[in-house]
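Chain residues, written in single-letter form:
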Amino acid sequence: MKTIVFTFLSFIITLSTVRAQKGINFYISYDAGGRLTMHVDSAANNVYYGNKFPNQPNTSFNYLPEVNHVSVQMYFQKTENPQNYRYTILADDEPIAVNKPINKEELKDVIRKDHEWKDEVLDSTTLGVFPIKGKTITILTYDIQRPQDVYENVFYGKSIPRPKIEIIAKRFATEKGIDYTRIIRPKERIDLTFTEKDDELTIIKDKTYIDYIYSTSIKDKKTDKIIFESTSWLYGGYLNEEGNKYLPHVKVDKSIFKKSGDYEIIIQPKIRWDISHEGIFDYDISPQEIEKYTARYTLAITLDQESYTKKEAFIYTLIITFSLGFVFLVIFYFTRKRNKKKLAEQEQQKNIAKLQLNSICSQLNPHFLFNALSGIQNLMNKNETDNANKYLSKFARLTRNVLDYKELISLSQEKNLLDDYLQMEQLRFGFQYEINHSEDLDLANIEIPSMLLQPFVENAVKHGISQQATAGKIVIEFMKQADDLVLTVTDNGNGFDTGKRYPGLGLQLSDSRIALLNSIYKENRFILATQSSDDGTKIGLTLTDWL
């Protein structure tokens, strides 16, 4: 009786297995990761097999969204001991087989043709055929000689959930340590301002069974470059609403944000979507379909203090340097052009002033000669022939010096000219005179405008002491006062009203000459001062910064 029941049950199991395998294509084998391969439904598309992740080195993830049943095989090399291996199978979280050994009698010789096994003859056994639609089948395998090395194969027949950010937390320093500013369930655009005290951003994702397949990246939307990427998640510190699970999170240093602007947080599964098998592409999924598994959040960052890379700093320095250089060249060009124009105008004005000055000097010379000839005539009318001859002799030398006009003459030449003139006039009027100078003045090497004092000396003779005969006296002085040259002409005549204008041509021309000299020698002012009383007159002419 027992034999009949056992035979009947075996027939039922065999029939179920045949039916389950009826739609499976055993001609195409997929590498499910590690020791496992799989066969799937003949009409199934989008078989994404053998996906591995850096943060789960002993896990292979097989995404089977359009597969109804999957057949799983396990392989061993001939040199291995299959009896040392154990496996556990879970459907979702429910166990189907637990710590089950390999049945050596069920092993068959097969040849795997993939690149890893190189057509090697292997031992193989089928772990079962499993309905996968809407489920997760997890197979755990290990060698009892190395029980710590557990390999996990996941066969995922559900739709991959689109991730969500549960919390955005910004860490900042406080007097007592650190604290966080949190944004719960942020919208797709998140506005954040980083101050000097802020140093870190934490992105907390919702909890799923397959967190490890997701990666997190941050892209600078202005440059379209990825500035941060993480393929692992941290746990601890953040619980879900029920308080029974830790939420996965990643930490981002503030320093990755170099400038204010828009950044994009991207959380997406790191699955190889373009898998092919023996030249046949086994996927038919569009980018729009893949995007359904991706979460994108715009992060609008405002930085109190922006930082720059060495390359950017170098480029900005070059731009600023060239800009400043260009501005400097433009300013230099227009300043030089303006100065050149100004210098030309000044030179033109100076030339005009010199022409006017020459005109005045050409008027002073005839005026002086006329007065001198009048003096000779006066002596001849008085029959003072000897004095007239002496006068004429002085006049001849004086005339030669006056007609040999130079713009500048030395103080020594000016002194000789005045000496000749006063000696000549002394023959007519009999007055006394002195020409004095400071001992520290180098008369031979200090130059002044030609005939600068002669009109004032002539005026002192004609209008000051001409009526006083031998009682009259004229004193001329050349003095140094710091860097100024001071020239004075003093007489003891009757004086005159300094506020009144007199018709004499000599003084009028001298005033005009002083004004023109000031327009030519702008750095050296000519200052004329006149003091007059009943006791006499003093004319002072200061040439500032002349020495």
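None of the values given here were measured: they were computed from a predicted structure.

### Considering the side chain of Asp220
(1) Moving on: Along the chain, Asp220 turns up in strand S16 (residues 214–220).
(2) Moving on: One polar contact links the side chain of Asp220 to the main-chain amide nitrogen of Lys222, over a distance of 2.9 Å.
(3) Moving on: Apart from the residues lying within four places of it in its own chain, the contact partners of Asp220 are Lys225, Ile227, Asp262 and Tyr263.

### Re unusual backbone geometry
(1) Moving on: Phi is positive for Asp92, close to 55 degrees, though the residue is something other than glycine.
(2) Moving on: Within the secondary structure, Asp92 sits in the loop between strand S6 (85–91) and strand S7 (94–101).
(3) Moving on: Phi is positive for Ala469, close to 55 degrees, though the residue is something other than glycine.
(4) Moving on: By secondary structure assignment, the location of Ala469 is in the loop between helix H6 (454–465) and strand S26 (473–481).

### Brief notes about the environment of Leu239
(1) Moving on: Secondary-structure assignment places Leu239 in the loop between strand S17 (225–230) and strand S18 (249–253).
(2) Moving on: For Leu239, a relative accessible area of 43% corresponds to the partly exposed category.
(3) Moving on: Along the chain, Leu239 and Lys207 lie 32 residues apart, while their C-alpha atoms are 9.5 Å from each other.
(4) Moving on: Setting aside anything within four residues of it in sequence, one finds Leu239 in contact with Lys245, Tyr246 and Leu247.

### What about the pairing of strand S4 (residues 56–63)?
Two faces, one strand: in a regular strand the side chains alternate between the faces of the sheet.
(1) Moving on: Of the strand pairs in this sheet, strand S3 (residues 48–53) and S4 are connected by three bridges, and their pairing is antiparallel. The residue of S4 that forms the bridge with Phe53 is Gln56.
(2) Moving on: Here S3 folds back onto S4, and the loop between the two strands holds two residues.
(3) Moving on: The pairing of S4 with strand S11 (residues 146–156) spans five bridges and is classified as parallel. Bridging from a neighbouring strand, Ser60 pairs with Asn153 of S11.

Reading guide: rules and limits
Residues numbered from 1 in each chain as written. Predicted model: local features only at pLDDT ≥ 70, side-chain atom pairs only at ≥ 80, totals over all residues. Heavy atoms only, no water. Helix = DSSP H or I, 4+ residues; strand = E, 2+ residues; numbered from the N terminus. Polar contact = N/O pair within 3.5 Å; in protein donor to acceptor, adjacent residues only side chain to side chain. Contact = heavy atoms within 4.5 Å. Buried < 20%, exposed > 50% of the residue type's maximum accessible area, 1.4 Å probe, protein only. Pairing = 2+ DSSP bridges.

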